[in-house]
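# Architecture and fold: a report
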Amino acid sequence: MGHGSHILELLASPRHRFEGRPQDGPAPAPGGELVEAIELRAGLGVVGDRYFAHPAHRDASVTLIAREWLPPGAGLAQVRRNVLVEGIPVDDLVGAVLTLDSGDGPVRLRVNRRANPCAWMDVTIAPGAWRALRGHGGVRCTPLDDGLLRVGSVTFTVLIPDSG
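Residues numbered from 1 in each chain as written. Predicted model: local features only at pLDDT ≥ 70, side-chain atom pairs only at ≥ 80, totals over all residues. Heavy atoms only, no water.

### A word on the environment of P72
Along the chain, the position of P72 falls in the loop between strand 5 (62-66) and helix 1 (76-79). Residue P72 is classed as exposed on the basis of its relative accessible area of 86%. Along the backbone, P72 and I125 are 53 residues apart, and their C-alpha atoms lie at a distance of 9.6 Å. (Helix = DSSP H or I, 4+ residues; strand = E, 2+ residues; numbered from the N terminus. Buried < 20%, exposed > 50% of the residue type's maximum accessible area, 1.4 Å probe, protein only.)

Structure representation (structure tokens):
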């Protein structure tokens, strides 16, 4: 059981900001993207997010990233993930089921694959961020339960499925 872990930021964005070419800069962030709580739906993702119930993103509808790998001052508005955590080694959990409980009951996330950083990181964070985040760009998950996640303390458990 993980203690001393936190959800630092949550993002549910109805809009794609990374369209066109990175050198042209991202679209302005719509207000209200960073929220205190997000609602998850099993198999569908984050309610109100641009990837919610999107067939092409079924295995990537919720994205998590670890603050430990981000430069100071960078957050979800820059990296466009849904959940910014501290104290959870999300990049090491591909293939596992991560259960998070921020006070409203446990929500299980199947960690499907890494979320690779893209060239946009050099624009939205700083030159060199794309390379620096390689291998630490977070993970893409499918929620297995309906539930809520909130900013604040979170407990987590990791279940490694039996590969036998």
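### A short note on the pairing of strand 10 (residues 147-150)
Residues G147 and L149 point to one face of strand 10 and are all buried, whereas L148 and R150, pointing to the other face, are not buried. Pairing geometry for strand 3 (residues 37-41) and strand 10, over 4 bridges, is antiparallel. Pairing of I38 across the sheet is with L149, part of strand 10. (Pairing = 2+ DSSP bridges.)

### A few points about unusual backbone geometry
Its identity as a non-glycine residue notwithstanding, A53 has a phi of 55°, on the positive side. With respect to the secondary-structure elements, A53 resides in the loop between strand 4 (45-46) and strand 5. Classification of A53 as partly exposed rests on a relative accessible area of 35%. Even without a glycine there, the phi angle at R80 is positive, about 60°.

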